[in-house]
Amino acid sequence: MTATRPIHLVRPEPASRQPEAALHPTAERWSVEAVEALFELPFNDLLFRAQQVHREHFDANAVQRSTLLSIKTGGCPEDCAYCPQSVHHDTGVEADKLMDVAEVRAAAQAAAAAGASRFCMGAAWREPKDRDIDKVVELVREVKALGLEACCTLGMLTRPQAQALKDAGVDYYNHNLDTAPEAYGRIIGTRVYEDRLATLAHVREAGMQVCSGGIVGMGENRRERAGLIAQLANLDPHPESVPINELVQVEGTPLAGSDKLDPFEFVRMIAVARITMPGAYVRLSAGRQAMGDAVQALCFLAGANSIFYGDKLLTTGNPEVARDEALFERLGLSAV
Ligand code: SAM
Ligand code: DTB
Ligand code: SF4
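Residues numbered from 1 in each chain as written. Chains lettered and ligands numbered in written order. Predicted model: local features only at pLDDT ≥ 70, side-chain atom pairs only at ≥ 80, totals over all residues. Heavy atoms only, no water.

*Asks:* Quick question: what am I supposed to make of the site of ligand 1 here?
*Replies:* Near ligand 1, the surroundings consist of 18 residues, among which Y82, N176, D178, R196 and V248 are the closest. Between an oxygen atom of ligand 1 and a side-chain N or O atom of D178, the distance comes to 2.6 Å. Among the cavities detected, the one that contains ligand 1 is the largest cavity. (Near = heavy atom within 4 Å. Polar contact = N/O pair within 3.5 Å; in protein donor to acceptor, adjacent residues only side chain to side chain. 1 Å grid on protein atoms, 1.4 Å probe; cavity = no way out; pocket = protein on both sides within 12 Å on 5 of 7 lines; lining within 4 Å. Sits in = over half its atoms within 2 Å of the grid points.)

Printed below as a string of structure tokens:
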């Protein structure tokens, strides 16, 4: 496979740049070094800065809620090492057909009734066929008719496919860069970083809002976490929505058994995303079920202002709605 090619997508900083100056990048460009310098700050200083940036751009006590539905589960030809839906891993996830309109409508109605503002439909595809897009367009119309924002995550898109989704009313397209360019080949062998960037460009050109983030806890080091943030923050404009996932370890995937990330490092990742992408909704995404309430509260303090809401992600669990309602109540948070 070609996935290990080095990719230099972030403009190098002048050699004269000092670490202190690196905390204040010019021209809104973020070098990996500048992002790493944020990670290196004392925890309290980092959180204070993140909270300041957060309050300049958002209501600090409001959190957006998106509900996920896997509209086409399993049997995916890609080999993403984290994913339970890949045909390359024996995880017990069965391959299913695309859901029909009535099932999706019922799930979207339930999400709206529970208080979600956005409904995100995910498919285990490398890339949809044009006839898949026609069917997804129908599903999107149902979701929009309920007054929900619509988000899709269907794999790689051509420019016309992106336009068809935009025309159907899709508000956000989720397509994660997942990790740093130099780490990509360790995690995925069936596509390259440029493939992801090309789809993000098609989504942007079609006029949809971009949702792109990644996963931590996959054995990457801090520099690689900084590398992912730099890639996202240097997209021009940066994504409107940035999901930060903690790896959900699924038995049968190559990453099951990975060392667990220090929870404070996860919080740092959220804070650094907030500082470098001030106008983005930073989503505290997969991994909440295994996270204590106190760590989640720290994530909100660090600038997370979006969650996946509902007791299932795509194939794995997420906190129950009642538990999230109680957490919002205890923290004085309101839903956007
Ligand atoms: N197939 C499409 C794609 O890969 O873009 C859409 C669905 S895919 C499941 C969406 C995202 O889910 C991935 O990019 C990855 O970030 C996230 N994901 C998948 N498995 C995960 C896991 N075990 N833990 C955390 N995030 C995961
Ligand atoms: C994202 O960044 N995380 C979501 C959503 N976008 C599609 C998916 C998380 C999946 C976790 C593993 C699973 O449930 O299969
Ligand atoms: Fe397929 Fe997406 Fe899972 Fe990769 S992350 S195996 S592309 S469903």
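This is not the end of the story, as more comes after the structure.
*Asks:* Looking at this structure, how should I read the pattern of salt bridges?
*Replies:* Once the charged atoms of two side chains with opposite charge are near each other, the side chains can pair. Inspection of the entire model under this criterion finds 20 salt bridges. The salt bridge involving R223 is made with E36; its shortest N-O contact spans 2.9 Å. Here the residue R223 occupies a position in helix α9 (residues 222-233), and E36 occupies one in helix α2 (residues 32-40), the gap between them amounting to 187 residues. With relative accessibility at 35%, the residue R223 sits in the partly exposed group. Each of E40, E220, R222, R225 and E265 takes part in one network of salt bridges that share partners. (Salt bridge = Lys/Arg side-chain N within 4 Å of Asp/Glu carboxyl O. Helix = DSSP H or I, 4+ residues; strand = E, 2+ residues; numbered from the N terminus. Buried < 20%, exposed > 50% of the residue type's maximum accessible area, 1.4 Å probe, protein only.)

*Asks:* What should I look at first to understand the packing of helix α6 (residues 159-168) against helix α8 (residues 193-206) in this one?
*Replies:* A packed helix pair is summarised by two numbers, namely the angle formed by the two axes and the spacing between the axes. The interhelical angle for the contact between α6 and α8, taken along N-to-C directions, is 45 degrees, at an axis separation of 8 Å. With respect to each other, α6 and α8 are oriented oblique. The two elements α6 and α8 meet at a crossing, and its hand is right-handed. In contact with R159, A162, Q163 and K166 of α6, α8 contributes H202, V203, E205 and A206. Per-class residue counts for the contact of α6 with α8 are three nonpolar, two polar and three charged. (Axes fitted to C-alpha atoms, helices over the stretch in contact; angles between N-to-C directions. Parallel < 35°, antiparallel > 145°, perpendicular 65-115°, else oblique. Left-handed = near helix turned anticlockwise from the far one by under 90°. Contact = heavy atoms within 4.5 Å. Nonpolar A, V, L, I, M, F, W, Y, C, P; charged D, E, K, R; others polar.)

*Asks:* Would you mind going over unusual backbone geometry with me for this structure?
*Replies:* Peptide bonds are trans in most cases, and residues, glycine excluded, mostly fall at negative phi. Omega for the bond connecting D236 with P237 falls within 30 degrees of zero, at 0 degrees, which places this linkage in the cis form. In this structure, P237 sits in the loop between α9 and β7 (241-246). Unlike most non-glycine residues, D178 shows phi in positive territory, near 70 degrees. Looking at the element boundaries, D178 is found in the loop between β4 (172-174) and α7 (181-187). When its relative accessible area of 4% is taken as the criterion, D178 is described as buried.

*Asks:* Honestly, the packing of aromatic side chains in this entry has me stumped. Any pointers?
*Replies:* The relation between two aromatic rings is expressed through the spacing of the ring centres and the mutual angle of the planes. Following the criterion strictly, the structure yields four aromatic pairs and no others. On the numbers, 5.1 Å between centres and 90 degrees between planes, the contact of Y184 with Y193 is edge-to-face. Positioned over the ring face of Y309 is R65, at 4.1 Å from the centre of the ring. Directly above the aromatic system of F328 lies the positively charged group of R65, at a separation of 5.1 Å from the ring centroid. (Phe/Tyr/Trp six-rings, centres within 6.5 Å; stacked < 30°, edge-to-face > 60°. Lys NZ or Arg CZ within 6 Å of the ring centre and 35° of its normal.)

*Asks:* Sorry if this is basic, but what is going on with the site of ligand 3 here?
*Replies:* Every residue near ligand 3 is listed here: C76, E78, C80, Y82, C83, S86, A124 and R191. More than half of the atoms belonging to ligand 3 lie within 2 Å of the grid points that define the largest cavity. Along the lines of polarity and charge, the residues of the shell around ligand 3 split into five nonpolar, one polar and two charged.

*Asks:* What is the right way to look at the nonpolar core in this model?
*Replies:* A general trend in soluble globular proteins is that nonpolar side chains are found buried together. If you look at the biggest cluster of nonpolar residues, it comprises 91 residues, and the most contacted ones within it are I71, Y82, F119, M121, L154, L165 and F266. For this core, the leading source of residues is helix α10 (residues 263-276), giving eight residues. If sequence neighbours within four positions are ignored, F119 has contacts with T67, L69, V104, A107, A108, A111, V143, L148, E149, A150 and C151. By size, the runner-up hydrophobic cluster in this structure holds seven residues, among which are L68, C120, Y172 and F308. (Core = buried A, V, L, I, M, F, W, Y, C linked by side-chain atoms within 4.5 Å.)

*Asks:* How should the packing of helix α4 (residues 101-114) against helix α5 (residues 130-145) be read in this particular structure?
*Replies:* Where α4 contacts α5, the two axes come as close as 9 Å, and the packing angle between them is 30 degrees. Between α4 and α5, the interaxial angle falls into the category roughly parallel. The way α4 lies across α5 gives a crossing that is right-handed. Along the contact surface, α4 presents V101, V104, R105 and A108, while α5 presents E138, L139, E142 and V143. In terms of residue class, the contact of α4 with α5 is made up of five nonpolar, no polar and three charged.

*Asks:* What exactly am I supposed to notice about the pairing of strand β1 (residues 62-72) here?
*Replies:* Each regular strand displays side chains that alternate between the two surfaces of the sheet. The buried count for β1 comes to 11 of 11 residues, which makes it a mostly enclosed element. Of the strand pairs in this sheet, β1 and strand β10 (residues 334-335) are connected by two bridges, and their pairing is parallel. Paired with V63 across the strands is A335, a residue of β10. Where β1 meets strand β9 (residues 306-308), three bridges bridge the pair, whose relative direction is parallel. Counted as the bridge partner of R65 is I307 from β9. Direction of pairing for β1 relative to strand β2 (residues 118-123): parallel, over a ladder of six bridges. Looking at β2, one finds that L68 is bridged to C120. Chirality of the crossover, the property in question, places the unit of β1, α4 and β2 among those that are right-handed. (Pairing = 2+ DSSP bridges. Right-handed = clockwise from strand over helix to strand, strands pointing away.)

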